Amino acid sequence: MFLAMKELMHSKMRFLMIIIIFVLIAWLVFILSGLGNGLSTLAASTFKTMKADYVIFEEGSQSSMSKSLLSDQLMTEVELLPNVSAAAPMGSTMATALKEQSTKNEDKLDIAIIGINPGSFLEPAIVEGEGLSSENPTGVVVNSSMKDEGYNIGDTFQLDATTESLTIIGFVENQTYNHVASVFTPMVEWRKITFAAPGSDKGVAGPVNAIMLQGKDIDPDLINSKLSNTDTVNRAAAVQGMPGYKEENGTILMMLAFLLAISAFVLGVFFYVITMQKTNQFGIMKAIGASNRFLGKAIVSQVFVLSLTSIVVGILLTYGTATIMPKGMPFKLETSLVVTYSVILLIIAMLSSMVSVRKITKIDPLKALGRVE
């Protein structure tokens with residue numbers, strides 16, 4: 001470490017350039033991870049935060065709410081299944097909210113109507129106002145992001161192209177579905193909205209999109225064998241089944257993978273070039289008794305200091321950037337993500353330095369000294 005720090009202090013400009021490049025790479029990795037996580041949250045936070053362990057869909061629906069249609073009469077059978085501690089129906093449909101007495105397009109807001117039973121474990125925590133009630137089927141609980149669009153408690157809005165009107169009675173946080181605000185409504189009202197057209201429920205009694213389950217060690221295959229025309233998956237699989245979710249996340253992850261691969265190559269080349277420039281010095285040190293292990297530790301220590309400094313600066317820049325990002329931008333940087341990608345970047349940098357360490361072990365002191373003028 002002593003030798004590494006001495007050289008860092010002596011060649012400040014050379015190593016400063018490496019730090020700047022590594023900082024930019026780390027900064028971009030953290031920004032992309034935050035954007036990816038933000039998009040993921042915006043697409044499926046309602047599913048991700050619900051207190052459900054498994055989901056029962058219609059067979060052949062590919063774990064998609066929009067393709068699934070079941071009867072809530074299955075609830076009686078579901079609650080008697082092994083390891084099922086609780087069950088609750090759920091429905092979802094996309095709609096457009098229109099402020100009353102307004103016909104302007106700019107006043108329209110895309111929303112996701114989420115049908116649940118009031119008081120069930122699917123109802124999110126209320127941060128303002130009151131929760132759902134069976135006595136008030138048109139009273140809804142909405143995501144707090146609708147405040148930014150001018151909606152407040154007590155406001156009534158109409159669903160575009162329908163005769164249904166809903167009144168906001170409470171707000172919740174971090175509840176979005178398919179990139180729009182979630183609007184929670186009693187199941188009775190959700191059915192009126194979703195199946196307004198005659199025959200759209202396909203004759204299913206008490207139609208729902210899915211049945212959410214709570215319980216440990218639930219066997220999906222057992223449930224599917226007990227209930228006909230069903231497909232039971234865990235919550236993670238249900239999230240993956242949301243339209244576009246897998247593809248969207250896959251795109252972000254592919255970008256991050258390419259960025260990490262490129263960073264490994266760039267850092268490896270930088271450290272290798274610097275090592276090649278110091279071949280004579282390493283040859284002299286080996287000639288006076290320095291071991292390959294000693295020189296290797298010096299290189300690794302140097303890379304560790306450079307990498308750690310760059311990553312810390314990259315983190316600070318990322319959090320600074322997050323404070324000035326537009327409010328509507330889906331950016332969410334969690335501590336676990338920061339730690340994970342910091343460790344990955346550090347590991348990549350250390351592995352990249354191994355090429356330089358291997359080069360040092362092959363340096364012949366006599367040949368190196370022979371090139372000294």
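Below, the structure is looked at part by part. (Residues numbered from 1 in each chain as written. Predicted model: local features only at pLDDT ≥ 70, side-chain atom pairs only at ≥ 80, totals over all residues. Heavy atoms only, no water.)

Let's shift gears to the layout of surface pockets. Of the pockets and cavities examined, the largest pocket occupies roughly 790 Å³. Leu42, Ser145, Thr176, Lys327 and Gly328 are the residues nearest the centre of the largest pocket, which is lined by 28 residues in total. The leading source of residues in the lining of the largest pocket is helix H2 (residues 12–49), at 4 residues. Taken together, the residues that form the lining of the largest pocket break down as 11 nonpolar, 11 polar and 6 charged. (1 Å grid on protein atoms, 1.4 Å probe; cavity = no way out; pocket = protein on both sides within 12 Å on 5 of 7 lines; lining within 4 Å. Points joined across faces, edges and corners; volume = space filled by probe spheres on them. Helix = DSSP H or I, 4+ residues; strand = E, 2+ residues; numbered from the N terminus. Nonpolar A, V, L, I, M, F, W, Y, C, P; charged D, E, K, R; others polar.)

Residues other than glycine predominantly adopt negative phi, and peptide bonds predominantly adopt the trans conformation. For Ser63, which is not glycine, the phi dihedral falls at a positive 55 degrees. A relative accessible area of 10% means that Ser63 is categorised as buried. One non-glycine residue, Ala161, lies in the positive phi region at around 70 degrees. Summarising the element assignment, Ala161 is placed in the loop between strand E7 (156–159) and strand E8 (165–172). Assessed through its relative accessible area of 78%, Ala161 is described here as exposed. (Buried < 20%, exposed > 50% of the residue type's maximum accessible area, 1.4 Å probe, protein only.)

Right, let's get into the packing of helix H7 (residues 245–277) against helix H10 (residues 335–361). Look at H7 against H10: their axes get within 8 Å of each other, and the N-to-C directions meet at 35 degrees. Handedness of the H7/H10 crossing: right-handed. Where H7 abuts H10, its residues Leu253, Leu256, Leu260, Ser263, Ala264, Leu267, Gly268, Phe271, Tyr272, Thr275 and Met276 lie against Tyr341, Ile344, Leu345, Ile348, Ala349, Ser352, Ser353, Val355, Ser356, Lys359 and Ile360. In terms of residue class, the contact of H7 with H10 is made up of 15 nonpolar, 6 polar and 1 charged. (Axes fitted to C-alpha atoms, helices over the stretch in contact; angles between N-to-C directions. Left-handed = near helix turned anticlockwise from the far one by under 90°. Contact = heavy atoms within 4.5 Å.)

Tallied over the entire structure, the rule returns 3 aromatic pairs. Relative to Phe157, the ring of Tyr151 lies with its centre 5.8 Å away and its plane at 85 degrees, an arrangement referred to as edge-to-face. Neither Tyr151 nor Phe157 differs from the other in exposure class; each is buried. Between the aromatic rings of Trp190 and Phe195, the centroid separation amounts to 5.5 Å while the plane-to-plane angle is 90 degrees, which identifies the pairing as edge-to-face. Its relative accessible area of 0% is what places Trp190 among the buried residues. (Phe/Tyr/Trp six-rings, centres within 6.5 Å; stacked < 30°, edge-to-face > 60°.)

Quick look at the environment of Gly206 now. By the secondary structure assignment, Gly206 is in the loop between helix H4 (187–194) and strand E11 (207–208). Residues Gly206 and Arg191, 15 residues apart in the sequence, show an inter-C-alpha distance of 8.3 Å. If near-sequence neighbours (up to four positions away) are discounted, Gly206 is found in contact with Leu70, Ser71, Asp72 and Arg191.

Turning our attention to the side chain of Thr318. Looking at the element boundaries, Thr318 is found in helix H9 (residues 292–324). Residue class for Thr318 comes out buried when judged on its relative accessible area of 0%. Leave out the neighbours within four places in its chain, and Thr318 touches Trp27, Phe30, Ile31, Phe331 and Leu333.

Applying the stated rule across the entire model yields 5 salt bridges. We note a salt bridge from Asp72 to Arg191, for which the minimum N-O separation is 3.0 Å. Of the two residues, Asp72 is situated in the loop between strand E2 (70–71) and helix H3 (75–78) and Arg191 in helix H4; the sequence distance between them amounts to 119 residues. Since its relative accessible area comes to 27%, Asp72 is described here as partly exposed. Among the ionic pairs, Lys332 bridges to Glu334, the shortest N-O distance being 3.8 Å. (Salt bridge = Lys/Arg side-chain N within 4 Å of Asp/Glu carboxyl O.)

Here we come to empty space enclosed by the protein. One way to see where empty space is left: roll a probe the size of a water molecule over the atoms. Evaluation of the coordinates by the stated rule reveals 1 cavity of 30 Å³ or more. Taken together, Phe271, Ile274, Thr275, Lys278, Ile299, Gln302, Val303 and Ser356 form the lining of the largest cavity. At the level of secondary structure, the elements contributing two or more residues to the lining of the largest cavity comprise H7 and H9. Tallied by class, the residues present in the lining of the largest cavity amount to 4 nonpolar, 3 polar and 1 charged.

So, to be careful, I would describe these as geometric facts and stop short of saying anything about function.
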